[in-house]
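Close look at the chain arrangement
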Amino acid sequence: MAGGNERSMRALKEVWKRAENSLCADCGKPDPDWASSTLGVFICLSCSGIHRNIPSISKVKSLKMDHWDDAQVQFLAKHGNAVTKATYEAHIPIYYYQPTYNDCQVLREQWIRAKYERKEFTELGKQLPYCDGVKEGILWKRGRDNGQFLPRKFLLSEREGCLKYFTKQDAKEPKINVKIDVINATFQPEKIGNPNGLQITYLKDNKTRNIFVYHESGKEIVDWFNAIRSVQFHYLKVAFPIASDNEIKNRLTRNFLKEGYMEKTGPKQREAFKKRWFTLDHRRLMYFKDPLDAFAKGEVFVGSRENGYSVQKGLPSGTQGNFSWHYGITIVTPDREYLFTCETETDQLEWIKAFTSVINQAMTPQEYAIEAYFKFKS
């Protein structure tokens, strides 16, 4: 650590090594080595870059490379992550999504700006743009057939318990009207090709439909995301009155467990393996010809170990289908085996880890009903 006298350096190290300061105050990444000299929080390098974009609120310095004078060290000692969080995170709505270091830039940036710049969580009962129970506005939506993004009017209503979108702003009837309890939303900037890209999925006739949208404003798209979570939360509170708030929170929007390309063969296991884009959304393994397809070409239900499901490394001996990738995976179900290949061993191990995490979980009554539908359909 360059510069500074010995006393300041010792004092800084003492504050830095407090347990409360061992994780980034904003994303939870271990061992943060930057801090805000105006907010008093210890943060990681990535979050420090976001802080640097709001210089009127936060001034950041490296704990290893920059000089800290006595007054700045005393300020850090007086504050730190615990004290500062108690102020800026005092009244976060339970449904508000608090991103981690694994989340995308727009989620982390708007979380930081919401806390320190807009001070959304410092006062109890503060009116927030995502807690009104209704949200209406224009989002750019990708066309199902032509792939073009066009402006569409979206309407989210807690009273009606649904999300609608209209092909024209003055249209009387919506193109879709989706019940809020079958909706999922997850940020997909790389897949959509826009830093504010949001994937909205919903179930129709027990099949998954994808909608890809974005907004030019990072704040607006994150407000939409949290508005969906808010409406879902209040809907589920009514539907499940004895469930705790945390139980309901765990049923709100979720990130996919794993996505990526694999090759698959058909049920006879003699067909050529075809490259497909796979999405594992808890117990639903969906595959698409293209990552931005509106509908899956097929879905596989992944149940629990106690119900006869398992995942195995490699393919059964004598597998006849032609495949170009050589890192195999076999999913065993009570009815048949599903065969996949991955391009690399790393992909293979990551997919096996994701499948194992699902298979090791006990099934809920709702999941038994989904399993029964899959068996009936097949």
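Residues numbered from 1 in each chain as written. Predicted model: local features only at pLDDT ≥ 70, side-chain atom pairs only at ≥ 80, totals over all residues. Heavy atoms only, no water.

The name an unreviewed UniProt entry gives the chain is ADAP1 protein, with Cephalopterus ornatus as the organism. In the Subcellular location (unreviewed entry) part of its UniProt record, the chain is described as follows: "Cytoplasm". (UniProt positions renumbered as here; feature names shortened; annotations may be inferred.)

A word on the packing of helix α5 (residues 105–117) against helix α7 (residues 218–239)
Following both chains from N to C, one finds α5 and α7 inclined at 90°, their axes separated by 10 Å at the closest point. Of the possible angle classes, the one that applies to α5 and α7 is roughly perpendicular. Facing α5, whose interface residues are Val106, Leu107 and Gln110, α7 presents Gly218, Lys219, Ile221, Val222 and Phe225. Partitioned by chemical class, the residues of the contact of α5 with α7 number five nonpolar, two polar and one charged. (Axes fitted to C-alpha atoms, helices over the stretch in contact; angles between N-to-C directions. Helix = DSSP H or I, 4+ residues; strand = E, 2+ residues; numbered from the N terminus. Parallel < 35°, antiparallel > 145°, perpendicular 65-115°, else oblique. Contact = heavy atoms within 4.5 Å. Nonpolar A, V, L, I, M, F, W, Y, C, P; charged D, E, K, R; others polar.)

A closer look at the UniProt feature "domain: PH" (unreviewed entry) in the chain
Annotation from UniProt places "domain: PH" (unreviewed entry) at residues 132–233 and 255–360. In this annotation, residues 132–233 is assigned 20% helix and 46% strand; the end-to-end C-alpha distance for the span is 13 Å. The span residues 255–360 carries 14% helix and 38% strand; its end-to-end C-alpha distance comes to 19 Å.

Observations regarding the pairing of strand β10 (residues 207–214)
Of all eight residues in β10, seven are buried; the element is thus mostly enclosed. Where strand β4 (residues 134–142) meets β10, two bridges bridge the pair, whose relative direction is antiparallel. Opposite lysine 141, over in β10, you have valine 213 as the bridge partner. Bridge analysis of strand β9 (residues 198–204) against β10 gives seven bridges, and the strand direction is antiparallel. Paired with glutamine 199 across the two strands is phenylalanine 212, which belongs to β10. (Buried < 20%, exposed > 50% of the residue type's maximum accessible area, 1.4 Å probe, protein only. Pairing = 2+ DSSP bridges.)

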